[in-house]
Amino acid sequence: MTDSAAQIAKVALVGDRSPHVVSHTRIPLLLESLAARDRLVLDPYWIPSGDAEAPGAVRGFDAVWVVPGSPYRSEAGVLAAIRTAREEGVPFLGTCGGFQHALLEFARGACGLTDVAHAENDPDAEDFLIEPLACSLAGHEDTVVLEPGSLARAVFGVERSVERYSCHYGPSRHLDTLRAHGLRFSGRDSAGQVRVAELPGHPFFLASLFQPELYGDGTRPHPMIRGLARAAVEHASRTAVVRP
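Heads up: these notes are all about the structure in this document. Just so you know, the residues in each chain are numbered from 1, in the order the chain's sequence is written. Local features in this predicted model are restricted to residues whose pLDDT is 70 or higher, and side-chain atom pairs enter the listing and the counts only when it is 80 or higher, whereas totals over whole chains, interfaces and linings include all residues. Each side-chain value is derived from all of the structure's non-hydrogen atoms; neither hydrogens nor water enter the calculation.

**Description of helix H1 (residues 22-38)**
Right, so step 1: The secondary structure listing takes helices from DSSP runs of H or I that are at least 4 residues long and strands from runs of E that are at least 2 residues long, numbered from the N terminus. How far a helix is expected to stretch is found by multiplying one less than its residue total by 1.5 Å. If you check H1, its first and last C-alpha atoms are 23 Å apart, about what 17 residues at 1.5 Å a residue would give, namely 24 Å.
Right, so step 2: The complete set of buried residues in H1 reads Ser 23, His 24, Arg 26, Ile 27, Leu 30, Leu 31, Ser 33, Leu 34 and Ala 35.
Right, so step 3: Among the residues trailing H1, Arg 39 stands out with phi positive, at a value near 55 degrees. A 1.4 Å probe rolled over the protein chains alone gives each residue an accessible area, and that area as a share of the maximum for its type sets the label: buried under 20%, exposed over 50%, partly exposed in between.

So, in structure tokens, the structure goes:
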């Protein structure tokens, strides 16, 4: 049973929903578990990537979650949703493709790297920020080591965690530029490759190049998803106070 007095937070699930994407099918179960186990009640709205292109498409939500499933039908829509969350202090989680596009949006919008591209979306581009991985991580598990003092470390509550991957693309160039403009790479795999990014100073901005939706059997939300839910409920509480 959920607490009838619990604050309800509206979350925008940005991505092209499909019954063939396991992460998508798990999300309703994870939201039910958050409500039942943690009394974190989220009201989800699926927003297709094309619809996210509309001005203000995710404005008014308490959280934005860019879910796996790239290539998205609209890169522009996904980037617009991420930009709104980043610039307006809305709690944000980007997983797998959401991680890749969070870095792409930050590179273009915060670093001035307007010509960088995602190789999956624009294979003929001259400057890739996100390029094909030398070895696909689809179906792979690896240990992610989390930096002390980071949001990721606080959310996970542990120094390292074994995570499940399903990605073919990852960041390569310009990481120093992204870091210089404020993005923090707070989680790396056993080979030292970037797997978690966050934005210090933002209420909650976290992205992973793995799928926390695939954690366990789907009945207990991953700490990243629980962290987003808490941040969303806090955002809903704050905005409820300031509304007339």
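So, next bit.
**Concerning the sheet that holds strand E9 (residues 169-171)**
Right, so step 1: Taken together, 3 strands build an open sheet; the order of strands is E5-E6-E9 and the sheet is mixed. Each edge of the open sheet carries a strand with a single partner, namely strand E5 (117-118) and E9.
Right, so step 2: The pairing of E5 with strand E6 (residues 128-132) spans 2 bridges and is classified as parallel. In the sheet register, His 118 faces E6, and the bridge partner there is Ile 130. When DSSP finds at least two bridges between two strands, those strands are taken to pair.

**Here's the deal with the environment of Met 224**
Right, so step 1: Take Met 224: it is sitting in helix H6 (residues 223-242).
Right, so step 2: Residue class for Met 224 comes out buried when judged on its relative accessible area of 0%.
Right, so step 3: C-alpha of Met 224 to C-alpha of Ala 152: the two residues are 72 residues apart in sequence and 7.8 Å apart in space.
Right, so step 4: Setting aside chain neighbours within four positions, we find Met 224 in contact with Leu 93, Val 155, Phe 156, Phe 204, Leu 206, Ala 207, Ser 208, Phe 210 and Pro 212. Residues are treated as being in contact if the distance between any of their heavy atoms lies within 4.5 Å.

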